[in-house]
Amino acid sequence: MVQAAAVVPVPVSAEVYQDLQHFYARQMQSTDDLDVSAWAGSFTEDGVFATNAFPEPLTGRTAIAEHCDRAFAAQAEAGIVRRHVMTTLAADHAPDRDGERVHTRSYVMVLETRRGQKPTIYCSTLCEDVLTRVDGGWQVVRRQVSRDDL
């Protein structure tokens, strides 16, 4: 039996990696700032947000924005502040693509502070994205978030 050759990841350049770090800093801060427009706008029009915390993926920027609008409003009403702390970002060229897509993998710790209380760890996650270049910037084509506690 012939085995298929393993796909060896090809890391992005240092310049692209730095650009991705800026993208994620802005994106994570937009969710922490409860900025629905900026966060949903960081996904392609047909982008997918999937997580083991939801029964079904959210498909399309409109569905992502509608979900976030409700979730962010409930969070604000409860007086909860969240901070997404992204670490260990790995970024590789997506296999069989023209270089305009990358696959990223990172850990994201979400800290939560309720009014008048000390911060706690809300959840720890693995975040895997496929991103594409759009008008010189990056947008998420597909995000898979796996919470460690589920």
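Residues numbered from 1 in each chain as written. Predicted model: local features only at pLDDT ≥ 70, side-chain atom pairs only at ≥ 80, totals over all residues. Heavy atoms only, no water.

Peer 1: I'd like to hear about the packing of aromatic side chains, residue by residue, with values.
Peer 2: Evaluated as defined, the whole model comprises 5 aromatic pairs. Where F23 meets Y24, the ring centres are 5.1 Å apart and the plane angle is 70°; that geometry is what we call edge-to-face. Judged by its relative accessible area of 9%, F23 is buried. Connected via pairs of aromatic rings, a cluster forms that spans W39, F43, F49 and F54. Above the ring of Y122, the side-chain terminus of R82 is found at 4.0 Å from the ring centroid. R147 extends its terminal NZ or CZ atom over the ring of Y122, reaching a point 5.4 Å from the ring centre. (Phe/Tyr/Trp six-rings, centres within 6.5 Å; stacked < 30°, edge-to-face > 60°. Buried < 20%, exposed > 50% of the residue type's maximum accessible area, 1.4 Å probe, protein only. Lys NZ or Arg CZ within 6 Å of the ring centre and 35° of its normal.)

Peer 1: Which residues make up the layout of surface pockets, and what values go with them?
Peer 2: The gaps of empty space that remain are located by a probe, the size of a water molecule, rolled over the atoms. Quantified by volume, the largest pocket comes out at close to 600 Å³. Lining the largest pocket are 23 residues, and of these F49, F54, R82, H84 and Y122 lie nearest its centre. (1 Å grid on protein atoms, 1.4 Å probe; cavity = no way out; pocket = protein on both sides within 12 Å on 5 of 7 lines; lining within 4 Å. Points joined across faces, edges and corners; volume = space filled by probe spheres on them.)

Peer 1: Run through the pairing of strand β1 (residues 43–51), naming residues and quoting values.
Peer 2: Of all 9 residues in β1, 7 are buried; the element is thus mostly enclosed. Alignment of β1 against strand β6 (residues 137–147), held across 5 bridges, turns out to be parallel. Bridge pairing in β6 places V48 opposite R142. With 2 bridges joining them, β1 and strand β2 (residues 58–59) adopt antiparallel strand pairing. Considered in β2, the bridge of V48 is made with T59. If you look at the hairpin formed by β1 and β2, you'll find 6 residues sitting between the two strands. (Helix = DSSP H or I, 4+ residues; strand = E, 2+ residues; numbered from the N terminus. Pairing = 2+ DSSP bridges.)

Peer 1: Can you explain helix α3 (residues 61–77)? Please cite residues and give values.
Peer 2: For α3, spanning 17 residues, the distance from its first C-alpha to its last is 24 Å, which sits close to the expected 24 Å at 1.5 Å a residue. Buried within α3 are the following residues: R61, I64, C68, F72 and Q75. Considered in projection along α3, the buried side chains sweep an arc of 60° and stay on one side of the axis. Residues T62, R70 and E77 are exposed on α3 and point more than 90 degrees away from its buried face. Contacts made by the buried residues of α3 are with α1 (14–32), α2 (36–40), β1, β2, β3 (80–93) and β6. Looking one or two places after α3, you find G79, whose phi comes out positive at around 70°. (Expected span 1.5 Å × (residues − 1). Arc of directions from axis to C-beta. Contact = heavy atoms within 4.5 Å.)

Peer 1: Just give me the short version of the nonpolar core, but keep the residues and values in it.
Peer 2: Where a protein is soluble and globular, its nonpolar side chains tend to be buried together. Counting 26 residues, the largest nonpolar core has L20, F49, I64, L131 and W138 as the members making the most contacts within it. Those elements that place two or more of their residues in this core are α1, α2, β1, α3, β3, β4 (101–114), β5 (120–134) and β6. Considering every element that reaches this core, the biggest residue donor is α1, with 5 residues. Those residues in contact with W138 that sit more than four places away from it in its chain are V16, D19, L20, F23, S42, E100, V102, L131, T132 and R133. (Core = buried A, V, L, I, M, F, W, Y, C linked by side-chain atoms within 4.5 Å.)

Peer 1: Please give an account of unusual backbone geometry that cites residues and values.
Peer 2: Where the residue is not glycine, phi is negative for most of them; where a peptide bond is considered, it is trans in most cases. Backbone geometry places T88, a non-glycine residue, at a positive phi of 50°. Turning to its location among the elements, T88 is positioned in strand β3. For D135, which is not glycine, the phi torsion reads 50° and is therefore positive. Within the fold, D135 resides in the loop between β5 and β6.

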